[in-house]
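Structure assessment
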Amino acid sequence: QVQLVESGGGLVQPGGSLRLSCSASGRIFSINAMGWYRQAPGEQRELVAAITNGGSTNYTDSVKGRFTISRDNAKNTVYLQMNRLIPEDTAVYYCNARKVITTTTIDDYWGRGTLVTVSS
């Protein structure tokens with residue numbers, strides 16, 4: 001129903017920048033919000049940033065002031081601009097699309113992930 005494809009991951013040195021892209025296709029008209037999650041080795045998947053259809057954004061504390069989430073509705077694409085990267089940012093980053101059906105019913109769709117490695 002919803003297909004998500006991420007791109008933009010790679011190897012970057014500490015202090016560098018990277019921009020991730022996520023293109024959505026399928027039944028995208030019913031999506032309420034999109035976001036980026038990440039999962040480091042041996043860790044649980046965590047929310048990095050999210051943006052609603054109304055433009056409201058939310059960030060985890062560790063990336064505030066460094067990362068920016070944005071969207072291009074014409075291209076059905078969301079971006080994650082990552083600046084001043086640190087080794088702790090190393091993880092597989094996943095694009096997420098959320099459909100809120102009811103208060104207790106939520107549908108989530110996921111991309112396959114793109115690896116970001118921050119190392120000197």
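Residues numbered from 1 in each chain as written. Predicted model: local features only at pLDDT ≥ 70, side-chain atom pairs only at ≥ 80, totals over all residues. Heavy atoms only, no water.

1. Some details on the packing of aromatic side chains
What counts here: Stacked, tilted and edge-to-face pairs are distinguished by plane angle, under 30 degrees for stacked and over 60 for edge-to-face with tilted covering the rest, among Phe, Tyr and Trp rings (Trp via its six-membered ring) whose centres lie within 6.5 Å. Helix and strand definitions follow DSSP, with helices as H or I runs of at least four residues and strands as E runs of at least two, each counted in order from the N terminus. Each residue is assigned to one of three classes by its accessible area relative to the maximum for its type, calculated with a 1.4 Å probe on protein chains only: buried under 20%, partly exposed between the two thresholds, exposed over 50%.
Summed over all chains, the structure comprises one aromatic pair. Ring geometry for Tyr37 and Trp110: centres 4.9 Å apart, planes at 70°, overall edge-to-face. You can see Tyr37 sitting in strand S4 (residues 33-39) and its partner Trp110 sitting in strand S10 (residues 105-110), a full 73 residues away along the chain. When its relative accessible area of 17% is taken as the criterion, Tyr37 is described as buried.

2. Digging into the sheet that holds strand S7 (residues 67-72)
Note the threshold: The criterion for strand pairing is that DSSP finds at least two bridges linking the strands in question. Axes here mean lines fitted to C-alpha atoms, for a helix over just the part in contact, with angles spanning 0 to 180 degrees between N-to-C directions.
If you walk across this open sheet you meet the four strands as S1-S3-S8-S7, and the pairing is antiparallel. Because the sheet does not close on itself, it has two edges, and the strands there are strand S1 (2-7) and S7. Neighbour-to-neighbour, the strand axes of this sheet turn through a mean angle of 20°, independent of strand direction.

3. Structural notes on the nonpolar core
Let me state the cut-off plainly: What makes a nonpolar core is a set of buried Ala, Val, Leu, Ile, Met, Phe, Trp, Tyr and Cys residues whose side-chain atoms join them at distances within 4.5 Å. We call two residues in contact when some of their heavy atoms are within 4.5 Å.
With 28 residues, the main nonpolar core has Leu4, Met34, Trp36, Leu80, Met82 and Tyr93 as its most contacted residues. Of all the secondary-structure elements, those providing two or more residues to this core are S1, strand S3 (18-26), S4, strand S5 (46-52), S7, strand S8 (77-82), strand S9 (91-102) and strand S11 (114-118). Beyond its immediate chain neighbours, meaning those up to four positions away, Met82 contacts Gly16, Ser17, Leu18, Leu20, Arg66, Phe67, Tyr93 and Val116.

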